[in-house]
Amino acid sequence: MKQVWLMVCAAFLMLAACTVPEAAPPTGGGPGASAAPLPSPAASAGADSLPPASEGDPSARQAAGLPQPDPVQAPEALTAALENCVSFGEGEAGVSLKTAIAAAELLNWAEANARDSSIDAMAAHLEGWLAGQEAERQSLFWANWPAIDGQAWAIVRDMAGQRALLADAGDPQDYDHYTPACYERLTCAIERYLETD
């Protein structure tokens with residue numbers, strides 16, 4: 001009961017914070033402000049207007065009269081991206097290329113959809129997808145995940161340095177640039193799943 005009460009109080013504080021007049025925008029853009037993904041179906045939302053990382057308990061939000069977290073956008077595309085993560089195993093031929101493809105597919109989904117999908121909903125989607133997999137495929141996902149995640153961050157941070165690998169992999173990337181905060185939301189969802197598992 002105490003935890004529910006604390007969550008309700010936190011929700012009211014969040015609501016109060018939303019009523020504070022917005023500060024004047026900064027005069028200079030942040031790093032990479034002039035570089036936009038090409039193309040970017042989510043560009044109109046703005047890279048700096050991502051929803052908060054934690055949406056809180058849905059029942060507490062409902063009690064506080066706050067909107068419910070956004071559902072996963074393009075769930076079929078997210079499922080397809082997750083499937084790429086279990087399409088290969090360590091020691092197979094072309095593992096580095098398959099890892100790059102899996103990383104790029106996750107980045108493609110995140111760039112187009114993560115800003116409009118709540119972290120809790122993405123974590124629930126991952127949980128549902130994993131629950132439908134055989135134990136061997138579940139283990140394969142977690143075995144492949146560190147390399148895929150590392151490759152995704154390498155692409156986010158240094159696209160130019162990854163172009164040769166991506167070209168060898170068939171250019172699976174849909175964008176010339178990826179927004180770090182979009183991919184970070186997806187990784188936060190995976191961490192959220194691990195925390196509750």
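Residues numbered from 1 in each chain as written. Predicted model: local features only at pLDDT ≥ 70, side-chain atom pairs only at ≥ 80, totals over all residues. Heavy atoms only, no water.

A look at unusual backbone geometry
One non-glycine residue, Ala74, lies in the positive phi region at around 45°. Within the secondary structure, Ala74 sits in the loop between helix 2 (58-63) and helix 3 (75-84). Phi at Asp171 is positive, roughly 50°, even though this residue is not glycine. The residue Asp171 is located in the loop between helix 7 (159-168) and helix 8 (180-196) in this model. The class of Asp171 is partly exposed, set by a relative accessible area of 43%. (Helix = DSSP H or I, 4+ residues; strand = E, 2+ residues; numbered from the N terminus. Buried < 20%, exposed > 50% of the residue type's maximum accessible area, 1.4 Å probe, protein only.)

Observations regarding the pattern of salt bridges
Counting across every chain of the model gives four salt bridges. Among the salt bridges present, the one from Arg192 reaches Asp120, with a minimum N-O distance of 2.1 Å. With Arg192 in helix 8 and Asp120 in helix 5 (residues 119-131), this residue pair connects regions lying 72 residues apart in the sequence. (Salt bridge = Lys/Arg side-chain N within 4 Å of Asp/Glu carboxyl O.)

A word on the packing of helix 4 (residues 95-113) against helix 7
Relative to each other, helix 4 and helix 7 sit at 105°, their axes nearing to 9 Å. Accordingly, the angle class assigned to the pair helix 4 and helix 7 is roughly perpendicular. Where helix 4 abuts helix 7, its residues Ser96, Leu97, Ala100 and Ala104 lie against Leu165, Leu166 and Asp168. (Axes fitted to C-alpha atoms, helices over the stretch in contact; angles between N-to-C directions. Parallel < 35°, antiparallel > 145°, perpendicular 65-115°, else oblique. Contact = heavy atoms within 4.5 Å.)

Things to note about the environment of Gly170
The topology assignment puts Gly170 in the loop between helix 7 and helix 8. Residue classification places Gly170 among the exposed residues on the basis of a relative accessible area of 53%. When the C-alpha atoms of Gly170 and Leu97 are compared, they prove to be 8.8 Å apart, with 73 residues separating the residues in sequence.

Remarks on the confidence of the model for the chain
Predicted confidence across the chain gives a mean pLDDT of 76, with 64% of residues reaching 70 or more. The model gives residues 1-56 a pLDDT under 50, and that stretch makes 51 contacts with residues more than four places away or in other chains. (pLDDT = per-residue confidence, 0-100.)

Some words on the environment of Leu107
Tracing the backbone shows Leu107 in helix 4. For the pair Leu107 and Trp153, spaced 46 residues apart in sequence, the C-alpha to C-alpha distance is 9.2 Å. Leaving out residues up to four positions away in the same chain, Leu107 has contacts with Ala152, Ile155, Val156, Tyr178 and Tyr183.

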